[in-house]
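Take a look at the letters that make up each chain.
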Amino acid sequence: MSFLVEPPAAPSSVRLALPGTELHLRPEKAVWWPEQRTLFIADAHFGKAATFRAHGLPVPEGTTQSTLAALTELINDTAAQHVVFLGDWLHAREGQLPQVMAALAAWRAQHAAVALTLVRGNHDQHAGDPPPDFGMAVVDEPWRIGPLAACHHPQLVAGATVLAGHWHPAVHLAGRGRDRLRLPAFWHAPGLLVLPAFGAFTGTHAPPPTPGARLYAVGGQRVWPLPG
């Protein structure tokens, strides 16, 4: 896939009109639903780096704190009252190390007034639910919320627009001089919006070409609508 991208005239977020409501695609790789003061994020994968280190792999430290700091900034910027995690909150059971869980607990205490909901993803099935004292509602997909359906796995739900994760979508961009760039992206088709992975230590995958789908790349603190 090859595009020459010009700077957008629109603000850093992209407004997406959907049946029954409007969502904002944020450059922090999250979706903001202003009507309900709700943020949606997908694939935080807390504890992933710790899991890798537990298996002897030399990976960076501090990724949980980095992801939590990004989420704090997002909540402060939007004054969100509710955060919905679209699956894969924890990466694995091995990632439930004391330092990881302590960081998550400290973050939760700082945002005790914010409602949290986790839609179980495939990693959550193995990692287990958050501790009860986190005060997080845990539900299975699809979870209907107004005109939307919150899921982890991309799917279609009759009468709703699905918000999902799991794919970690990205786009390959090419420019003059054989420049190449891989950016996380939102993937949108009728009835389905797939979010990029929010976690600081997650991979990306280019989704297959799909008729009627559109990509919105995230880079340079902006969301960039790309040609269909």
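The coordinates are above.
Residues numbered from 1 in each chain as written. Predicted model: local features only at pLDDT ≥ 70, side-chain atom pairs only at ≥ 80, totals over all residues. Heavy atoms only, no water.

Novice: Even after reading the chapter, I still don't get the sheet that holds strand β5 (residues 82–85), so can you show me in this structure?
Specialist: What holds strands together in a sheet is hydrogen bonding between their backbones, with the strands either parallel or antiparallel. In spatial order, the strands read β1-β2-β3-β4-β5-β6-β7; together these seven strands make up an open sheet with mixed pairing. The sheet is open, and its two borders are formed by β1 (14–18) and β7 (136–139), each paired with just one other strand. Across the sheet, the mean angle separating the axes of adjacent strands is 25° when strand polarity is ignored. Across four bridges, β5 lies against strand β6 (residues 115–119) in parallel orientation. In the strand pairing of β6, valine 84 is matched with threonine 117. In the packing of helix α2 (residues 63–78) onto the sheet, contacts are made with β2 (21–26), β3 (30–33), β4 (38–41) and β5, and the angle to β4 comes to roughly 155°. (Pairing = 2+ DSSP bridges. Helix = DSSP H or I, 4+ residues; strand = E, 2+ residues; numbered from the N terminus. Axes fitted to C-alpha atoms, helices over the stretch in contact; angles between N-to-C directions. Contact = heavy atoms within 4.5 Å.)

Novice: Teacher, can you tell me more about helix α3 (residues 98–110) here?
Specialist: Two residues of an α-helix separated by three or four positions point the same way, owing to the 3.6 residues in each turn. Between its first and last C-alpha, α3 extends 18 Å over 13 residues, near the 18 Å set by a 1.5 Å rise per residue. Within the sequence span of α3, burial applies to Val100, Met101, Ala103, Leu104, Trp107 and Arg108. Seen from one end, α3 has its buried residues packed into an arc of 155°, which puts them on one side. Facing away from the buried side of α3 by more than 90 degrees, the exposed set consists of Pro98, Gln99, Ala109 and Gln110. (Expected span 1.5 Å × (residues − 1). Buried < 20%, exposed > 50% of the residue type's maximum accessible area, 1.4 Å probe, protein only. Arc of directions from axis to C-beta.)

Novice: Please clarify how unusual backbone geometry should be interpreted in this entry.
Specialist: A cis geometry characterises the amide bond from glutamate 141 onward to proline 142, with omega recorded as -10°. Summarising the element assignment, proline 142 is placed in the loop between β7 and β8 (143–145). In this model, aspartate 88 sits at a positive phi of 55°, which is unusual for a non-glycine residue. Counting through the fold element by element, aspartate 88 comes out in the loop between β5 and α3. Not every positive phi belongs to a glycine, and glutamine 221 is a case in point at roughly 60°. Position of glutamine 221 relative to the elements: it lies in the loop between β14 (214–219) and β15 (222–225).

Novice: How do you make sense of the packing of aromatic side chains when you look at a structure like this?
Specialist: Two aromatic rings, taken as a pair, are described by how far apart their centres are and by the angle between their planes. Following the criterion strictly, the structure yields four aromatic pairs and no others. Seen in terms of ring centroids, tryptophan 33 and phenylalanine 40 are 6.2 Å apart; in terms of plane orientation they differ by 35°. Their pairing is tilted. Relative accessible area serves as the criterion here: at 1%, tryptophan 33 is assigned to the buried category. Geometrically, the ring pair formed by tryptophan 89 and phenylalanine 134 is edge-to-face, given 5.8 Å between the ring centres and 85° between the ring planes. Of this pair, tryptophan 89 sits in the loop between β5 and α3 while phenylalanine 134 sits in the loop between α4 (122–127) and β7, placing them 45 residues apart in sequence. Phenylalanine 134 carries the same exposure label as tryptophan 89, and that label is buried. (Phe/Tyr/Trp six-rings, centres within 6.5 Å; stacked < 30°, edge-to-face > 60°.)

Taken by themselves, the reported measurements are silent on function.
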